[in-house]
Amino acid sequence: MLNFILKLLVLSWRIHFEKPLIQPAVIGLWHQDLPACLAAFKYKNIAVLISQSGDGSKFAKLAKSLGYDIFRGSSSKGQSEVKHLFKALISGRSAGMALDGPRGPALIAKPGARWLADKTETPLLNITVKYSHALRLNSWDKTFIPLPFAKITILINNETLDNWL
């Protein structure tokens, strides 16, 4: 029942892209924007790596129902788990990754997304999200939870992230 309610919430959000998504690509986002990006990139043939935690299980179930190709594991365990995203990119699909990883620190990019983009010779897109109305959780990443029917604007920067990584 909770998954159904969450899916209704996600589907209520009004998504606007400032420019089209280039695919295939490594879609780099901040952990705080995971819920909005889950809604924005649904049904776009994207592979994601989701942790094996209890929260990760709930998120994975919701993501699967929105058309994502789900792999369970953690980028913090090294390249052995990221191989699934590597294979997705090589086959022409995109891969989504939290730039600041599964545990932070928040808004500090880790090298995994850059490594993946370099190895697969695909662009690394930096996603910035703007919200009309959202709450912030008191979590390590201060996750944004858009309110029902919020407008979410997705800014895609396909320029280099070298100054971030």
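Residues numbered from 1 in each chain as written. Predicted model: local features only at pLDDT ≥ 70, side-chain atom pairs only at ≥ 80, totals over all residues. Heavy atoms only, no water.

A short note on the side chain of histidine 31
Summarising the element assignment, histidine 31 is placed in the loop between β2 (26-29) and α2 (34-40). Among residues more than four places away in sequence, those in contact with histidine 31 are Ala98, Asp100, Gly101, Pro102, Trp140, Asp141 and Thr143. (Helix = DSSP H or I, 4+ residues; strand = E, 2+ residues; numbered from the N terminus. Contact = heavy atoms within 4.5 Å.)

Here we look at helix α1 (residues 2-12)
Along α1, the residues classified as buried are Asn3, Val10 and Ser12. Looking at the buried positions of α1, the neighbouring elements they touch are β1 (14-17), α2 and α3 (54-65). (Buried < 20%, exposed > 50% of the residue type's maximum accessible area, 1.4 Å probe, protein only.)

Quick word on the nonpolar core
In this structure, Phe41, Tyr68, Ile127, Val129 and Ile154 are the most contacted members of the largest nonpolar core, which totals 30 residues. Sort the elements by how many residues they give to this core and α2 lands first, with five residues. Beyond its immediate sequence surroundings of up to four residues, isoleucine 127 is in contact with Ile27, Gly28, Leu29, Trp30, Cys37, Phe41, Ile154, Leu155 and Ile156. (Core = buried A, V, L, I, M, F, W, Y, C linked by side-chain atoms within 4.5 Å.)

Describing the layout of surface pockets
For the largest pocket, the calculated volume is near 1100 Å³. His31, Leu34, Pro35, Asp55 and Phe59 are, among the 41 residues lining the largest pocket, the residues nearest its centre. Taken together, the elements giving at least two residues each to the lining of the largest pocket come down to α1, β2, α2, β3 (46-50), α3 and β5 (94-98). By residue number, the principal contributor to the lining of the largest pocket is α3, which donates six residues. Split into classes, the residues belonging to the lining of the largest pocket amount to 27 nonpolar, eleven polar and three charged. (1 Å grid on protein atoms, 1.4 Å probe; cavity = no way out; pocket = protein on both sides within 12 Å on 5 of 7 lines; lining within 4 Å. Points joined across faces, edges and corners; volume = space filled by probe spheres on them. Nonpolar A, V, L, I, M, F, W, Y, C, P; charged D, E, K, R; others polar.)

Here's the deal with the confidence of the model for the protein chain
Mean pLDDT over the protein chain stands at 89; residues scoring 70 or higher make up 92%. For the protein chain, the element scoring lowest by mean pLDDT is helix α4 (residues 79-90), at 84; strand β7 (residues 134-136) scores highest, at 98. (pLDDT = per-residue confidence, 0-100.)

Regarding the packing of α1 against α3
For the pair α1 and α3, the least separation of the axes is 10 Å and the interaxial angle reads 55°. Judged on the interaxial angle alone, α3 and α1 are oblique. Of the two elements, α1 crosses α3, and the hand of that crossing is right-handed. Of the residues in α3, those in contact with Asn3, Leu6, Lys7 and Val10 of α1 are Lys58, Lys61, Leu62 and Ser65. When its residues are assigned to classes, the contact of α1 with α3 shows three nonpolar, two polar and three charged. (Axes fitted to C-alpha atoms, helices over the stretch in contact; angles between N-to-C directions. Parallel < 35°, antiparallel > 145°, perpendicular 65-115°, else oblique. Left-handed = near helix turned anticlockwise from the far one by under 90°.)

With respect to the pairing of strand β9 (residues 151-157)
Burial of β9 is extensive: five of the seven residues sit out of reach of the surface. Judged from the four bridges that link them, β1 and β9 form a sheet pairing that is parallel. Opposite isoleucine 15, over in β9, you have isoleucine 152 as the bridge partner. Bridge count for strand β6 (residues 124-131) against β9 is six bridges, and the pairing is antiparallel. Within β9, the residue paired with threonine 128 across the bridge is leucine 155. (Pairing = 2+ DSSP bridges.)

Describing the environment of leucine 29
Locating leucine 29 in the fold gives a position in strand β2. Note on leucine 29: relative accessible area 7%, which makes it buried. Expressed as a C-alpha distance, the spacing of leucine 29 and alanine 109, which sit 80 residues apart in the sequence, is 9.5 Å.

So, the sheet that holds β6
The strand order across the open sheet built from seven strands is β1-β9-β6-β2-β5-β3-β4, with neighbouring strands paired in mixed fashion. Each end of this open sheet is capped by a strand with a single partner; those strands are β1 and β4 (69-72). Between one strand and the next, the sheet's axes are offset by a mean angle of 30°, whatever the strand orientation. The pairing of β2 with β5 spans four bridges and is parallel. The residue bridging glycine 28 from the neighbouring strand is methionine 97, located in β5.

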